[in-house]
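# Fold and geometry: a report
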Amino acid sequence: SRLFEAQVGLTVGVYVERVRVEAARAMLDGGDEGLPVVADRSGFGSTETMRRASLRELGVTPGAYRAQFRTTGIASEGADGVWPRTVHRVPVSPQA
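Remember, predicted model here, so these are calculated numbers, not experimental data. (Residues numbered from 1 in each chain as written. Predicted model: local features only at pLDDT ≥ 70, side-chain atom pairs only at ≥ 80, totals over all residues. Heavy atoms only, no water.)

## Some points on the overall build of the protein chain
When helices and strands are tallied, the protein chain shows five helices and zero strands. Walking the protein chain from its N terminus toward its C terminus, one meets helices and strands in the order α-α-α-α-α. Across the protein chain, every contact between residues at least 6 apart in sequence was considered, and the portion connecting residues at least 24 apart equals 50%. Counting every atom, the protein chain has about 5,900 Å² of accessible surface; 54% of that belongs to carbon and sulfur. (Helix = DSSP H or I, 4+ residues; strand = E, 2+ residues; numbered from the N terminus. Contact = heavy atoms within 4.5 Å. Areas by Shrake-Rupley, 256 points an atom, 1.4 Å probe, with all protein chains shown as cover.)

## A word on the nonpolar core
Judged by nonpolar contacts, Val-21, Ala-24, Met-27, Leu-28, Val-38, Ala-39, Phe-44, Met-50, Ala-53, Leu-58, Val-60 and Tyr-65 together constitute the single largest core of twelve residues. Listing elements by their share of this core, those giving two or more residues are helix 2 (12-30), helix 3 (35-41) and helix 4 (47-58). By residue number, the principal contributor to this core is helix 2, which donates four residues. (Core = buried A, V, L, I, M, F, W, Y, C linked by side-chain atoms within 4.5 Å. Buried < 20%, exposed > 50% of the residue type's maximum accessible area, 1.4 Å probe, protein only.)

## Quick look at the pattern of salt bridges
A complete count under the given rule lists six salt bridges for this structure. With its nearest N and O atoms 2.5 Å apart, the salt bridge here joins Arg-56 to Glu-17. Here the residue Arg-56 occupies a position in helix 4, and Glu-17 occupies one in helix 2, the gap between them amounting to 39 residues. The exposure class of Arg-56 is partly exposed, given its relative accessible area of 48%. Residue class for Glu-17 comes out buried when judged on its relative accessible area of 17%. For Glu-48, the salt bridge is made with Arg-52, and the minimal N-O distance between the two is 3.5 Å. Residue Glu-48 and its partner Arg-52 are both found in helix 4; the two are separated by four residues, about one turn of the helix. (Salt bridge = Lys/Arg side-chain N within 4 Å of Asp/Glu carboxyl O.)

## A look at the side chain of Glu-57
Within the secondary structure, Glu-57 sits in helix 4. Polar contacts involving the side chain of Glu-57 include one to the side chain of Arg-18, which spans 3.1 Å. (Polar contact = N/O pair within 3.5 Å; in protein donor to acceptor, adjacent residues only side chain to side chain.)

## Some thoughts on the confidence of the model for the protein chain
Mean pLDDT over the protein chain works out to 82, with 75% of the residues at or above the 70 mark. Taken element by element, the predicted model of the protein chain shows its lowest mean pLDDT in helix 5 (residues 62-72) (87) and its highest in helix 3 (97). Within the model, the stretch residues 77-96 combines pLDDT values under 50 with 37 contacts to residues more than four positions away or in other chains. (pLDDT = per-residue confidence, 0-100.)

## Considerations on the packing of helix 2 against helix 5
It is at 9 Å that the axes of helix 2 and helix 5 come closest, and there the two elements cross at 40°. Considering their axes alone, helix 2 and helix 5 lie oblique with respect to each other. In terms of crossing hand, the pair formed by helix 2 and helix 5 is right-handed. From helix 2, Arg-25, Met-27, Leu-28 and Asp-29 reach across to helix 5, where they touch Pro-62, Tyr-65, Arg-66 and Phe-69. When the residues that make up the contact of helix 2 with helix 5 are grouped by side-chain class, the tally is five nonpolar, no polar and three charged. (Axes fitted to C-alpha atoms, helices over the stretch in contact; angles between N-to-C directions. Parallel < 35°, antiparallel > 145°, perpendicular 65-115°, else oblique. Left-handed = near helix turned anticlockwise from the far one by under 90°. Nonpolar A, V, L, I, M, F, W, Y, C, P; charged D, E, K, R; others polar.)

Given below as structure tokens:
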């Protein structure tokens, strides 16, 4: 894990959470699956775990994110140009 953190700049746990939140976000943008299904398919153990991770990474709950996306059709920002926060895309560097 030290090598991973040195290479990627994030701990394994933070990286995995960001990947899962991004997967959930894509499902929330383009699908009608319920939140439990989205949580399961994106690798979260429960909807509550997905909710907490979404709050940390996006600044909003999954339900609020979906509602805002459906209202505006804008996934990465709201009317103020900030809401919800953009997920920090994690670069994946090729194996050496």
